[in-house]
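Coordinate analysis (summary)
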Amino acid sequence: MPVTPRPSILAVEPYVGGESKVPGVNRIVKLSSNEGPFGPPPASVAAVAEAAREAHRYPDGGATAIREAIGRHHGLDPARIVVGNGSDELLALLILAYGGEGTELVMSAHGFLMYELSGTWAGSRVIKVPEKNLMADVDDLIAACGPRTRLVILANPNNPTGALLPQGEVNRLRAGLREDILLILDSAYAEYVEDPDYDPGQALVDAGNNTVMTRTFSKVWGLGGMRLGWAYGPANVIDVLNRVRGPFNVSAPAMAAGIAALSEPDWVKKSVAHNTEWRGRMTEGLSKLGIKVHPSHGNFLLADFGDAAKAKAADAHLRSRGLIVRAVASYNLPNCLRITIGTAEECQMVLDALTDFRHG
Ligand SMILES: *Cc1c(COP(=O)(O)O)cnc(C)c1O
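Residues numbered from 1 in each chain as written. Predicted model: local features only at pLDDT ≥ 70, side-chain atom pairs only at ≥ 80, totals over all residues. Heavy atoms only, no water.

Let us now look at the sheet that holds strand β3 (residues 104–108). Whenever strands of a sheet pair, they do so through backbone hydrogen bonds, lying parallel or antiparallel. In spatial order, the strands read β2-β8-β7-β6-β5-β3-β4; together these seven strands make up an open sheet with mixed pairing. If you trace the sheet from one side to the other, it starts and ends with β2 (81–84) and β4 (125–129), each paired once. Each strand of the sheet is rotated relative to its neighbour by a mean of 20°, with strand direction disregarded. Sheet topology note: the β3/strand β5 (residues 149–155) ladder contains four bridges and is parallel. (Pairing = 2+ DSSP bridges. Helix = DSSP H or I, 4+ residues; strand = E, 2+ residues; numbered from the N terminus. Axes fitted to C-alpha atoms, helices over the stretch in contact; angles between N-to-C directions.)

Here it is in structure tokens:
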């Protein structure tokens, strides 16, 4: 008899990340993982080098300094923050802790894939609720919840659609869910949102004991390779995360990089200004080419080529020029490509390539 894992494990399709190589092409522009275009904050690079000198020491398992730095930056109580090896780790821990055999996890149809993967791992039944115009539908999400539902997870803005669910709708979602359902608000792209009504989650977290927000240093902060994310939640949920996480789940260099990033002057302001400008220019440029672009509130665009064959051909054309974007057929969006907003030069390369694609 071979060794066998729990049956739910073999139902998990391994996550396929954004690609970074094209055979035969030397200069690669990677626009497939929504990484910030400016590299890591310089202060973080220095902090990682410094932290490496103490690499023989275990990190602070309580993550006190980074939790305090996050708390200061965002005006949050550090006691109600937990850091993770990327927010993916925290999402998985929450999904495993609150889900499992005999329970249901509800998400929207084009929600972030990791929820489904972790939900499947947990043995939960994952219910994907159809969206309207690529936007989560609050009434349908609420209606999809049954007596076994324990978790509802919403990325806002959502990846890969870029959709922002208006704050009133998010509030209505929470109000419409039973009290024993944990609502996870995944706000990985919060910094890019310019809608003044938007709240990444703090108000709903503070209003009860059944909503938790996750955040990441991987996108606007340019630290995807360090693996650093965090959750802000009510004391009862934070207590659960502290029971199930590894005692040293975040490395010392990652924590040092995060602390330094938060002190980098104007980093977010500069990144968001660039993103807004080029998201607008790319949207306009692609629209002029007859490529439909869904309104995005993140650092990426979802470009709709009308059918799957055209999307594939566009992808191949971009690749031939070393431009790697993300095919999103695994999100049930075979007609679309997700394009990360890169530097000005990289964005222009995409526009030029797609102009040639349309005209040739
Ligand atoms: C990138 C992303 C994450 C994961 O980020 P990490 O902190 O790097 O694990 C989570 N949710 C969404 C919606 C994302 O796009």
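Here the focus is the pattern of salt bridges. Tallied over the full model, the rule gives 19 salt bridges. With its nearest N and O atoms 3.0 Å apart, the salt bridge here joins Lys 30 to Glu 35. Residue classification places Glu 35 among the partly exposed positions, given a relative accessible area of 35%. The partner of Lys 310 in a salt bridge is Asp 307, with the nearest N and O atoms 3.2 Å apart. Among the charged side chains, a network of salt bridges with common partners joins Lys 132, Asp 137 and Asp 140. (Salt bridge = Lys/Arg side-chain N within 4 Å of Asp/Glu carboxyl O. Buried < 20%, exposed > 50% of the residue type's maximum accessible area, 1.4 Å probe, protein only.)

For the rest of this paragraph, the subject is the nonpolar core. Within the largest apolar cluster, 30 residues are counted, with the highest numbers of intra-cluster contacts made by Tyr 115 and Ile 184. Going through the elements one at a time, α3 (87–98), β3, α4 (113–122), β5, β6 (182–186) and α8 (235–244) are the ones with two or more residues in this core. Taken domain by domain, the makeup of this core includes at least three residues from each of domain 1 (17–39 + 267–359) and domain 2 (42–263). Those residues in contact with Tyr 115 that sit more than four places away from it in its chain are Leu 91, Ile 95, Leu 105, Met 107, Ile 153, Leu 154, Ala 155 and Asp 186. Counting residues in each nonpolar core, the second largest holds 28 residues, with Ala 188, Leu 223, Tyr 232 and Ala 257 among its members. (Core = buried A, V, L, I, M, F, W, Y, C linked by side-chain atoms within 4.5 Å. Domains from an automatic or database assignment. Contact = heavy atoms within 4.5 Å.)

Bringing the side chain of Asn 34 into the picture now. Mapping Asn 34 onto the fold places it in the loop between β1 (29–30) and α1 (42–52). When near neighbours in sequence (up to four residues on either side) are disregarded, Asn 34 contacts Asn 159, Tyr 189, Ser 218, Lys 219, Asn 299, Phe 300, Arg 338 and Thr 340.

All right, on to helix α12 (residues 344–359) then. Across its 16 residues, α12 extends 22 Å between first and last C-alpha, which sits within 8% of the 22 Å expected from 1.5 Å per residue. Three or more residues of α12 are buried, namely Glu 346, Cys 347, Val 350, Leu 351, Ala 353, Leu 354 and Phe 357. On an axial view of α12, the arc spanned by its buried residues comes to 165°, and they lie on one face. Where α12 is buried, its residues touch β1, α10 (267–288), α11 (308–320), β11 (323–324) and β13 (336–340). (Expected span 1.5 Å × (residues − 1). Arc of directions from axis to C-beta.)

We now examine the site of the ligand. Taken together, the residues surrounding the ligand are Gly 86, Ser 87, Asp 88, Phe 112, Asn 159, Asp 186, Ala 188, Tyr 189, Thr 216, Ser 218, Lys 219 and Arg 227. Taking Asn 159, its side chain carries an N or O atom lying 2.8 Å from an oxygen atom of the ligand. Note that an oxygen atom of the ligand is positioned 2.5 Å from one of the side-chain N or O atoms of Thr 216. Protein burial of the ligand: of its 390 Å² of free accessible surface, 94% is covered by the chains. Taken together, the residues of the shell around the ligand sort by class into three nonpolar, five polar and four charged. (Near = heavy atom within 4 Å. Polar contact = N/O pair within 3.5 Å; in protein donor to acceptor, adjacent residues only side chain to side chain. Areas by Shrake-Rupley, 256 points an atom, 1.4 Å probe, with all protein chains shown as cover. Nonpolar A, V, L, I, M, F, W, Y, C, P; charged D, E, K, R; others polar.)

A few words on α3. When the terminal C-alpha atoms of α3 are compared, their 16 Å separation across 12 residues agrees well with the 16 Å that a helix rising 1.5 Å per residue should span. Positive backbone phi, at 125°, marks Gly 100, one or two positions downstream of α3.

To continue, consider the packing of α10 against α12. One way to put it is that α10 packs onto α12 with a least axis distance of 10 Å and a crossing angle of 5°. The pairing of α10 with α12 is recorded here as roughly parallel in orientation. Contacts from His 274, Trp 278, Arg 281, Met 282, Gly 285 and Leu 286 of α10 reach α12 at Ala 344, Cys 347, Gln 348, Val 350, Leu 351 and Leu 354. (Parallel < 35°, antiparallel > 145°, perpendicular 65-115°, else oblique.)

Tallying each qualifying case throughout the model produces six aromatic pairs. Summarising the aromatic geometry, the rings of Tyr 58 and Phe 248 are spaced 4.6 Å apart at their centres and angled 40° between planes, so their arrangement reads as tilted. Taken together, the residues span a long stretch of sequence, with Tyr 58 in the loop between α1 and α2 (64–74) and Phe 248 in the loop between α8 and α9 (252–263) at a distance of 190 residues. Residue classification places Tyr 58 among the exposed residues on the basis of a relative accessible area of 66%. Judged by centre distance (6.4 Å) and plane angle (80°), the rings of Phe 305 and Phe 357 are edge-to-face. (Phe/Tyr/Trp six-rings, centres within 6.5 Å; stacked < 30°, edge-to-face > 60°.)

Within the secondary structure, Asn 299 sits in the loop between β9 (292–294) and β10 (300–304). Once the C-alpha coordinates of Asn 299 and Ser 187 are considered, the two residues, 112 residues apart in sequence, prove to be 13 Å apart.

Accessible area lost upon the coming together of the parts is a frequently used measure of interface size. With domains assigned, the chain is organised as domain 1 (17–39 + 267–359) and domain 2 (42–263). A straight line from the C-alpha centre of domain 1 to that of domain 2 covers 26 Å. Facing the 26 residues of domain 1 at the interface are 24 residues of domain 2. When domain 1 packs against domain 2, close to 2100 Å² is buried across both sides, 64% of that on carbon and sulfur atoms. (Buried area = accessible area lost by both parts, 1.4 Å probe.)

Here we have four strands laid out as an open sheet, ordered β9-β10-β13-β12, and antiparallel in their pairing. Of all strands in the sheet, those with a lone pairing partner are β9 and β12 (326–327), marking the two edges. Alignment of β10 against β13, held across five bridges, turns out to be antiparallel. Directly across from Leu 302, in β13, lies its bridge partner Arg 338. In this fold α10 packs onto β9, β10 and β13, with an angle of close to 10° to the strand it touches most, β10.

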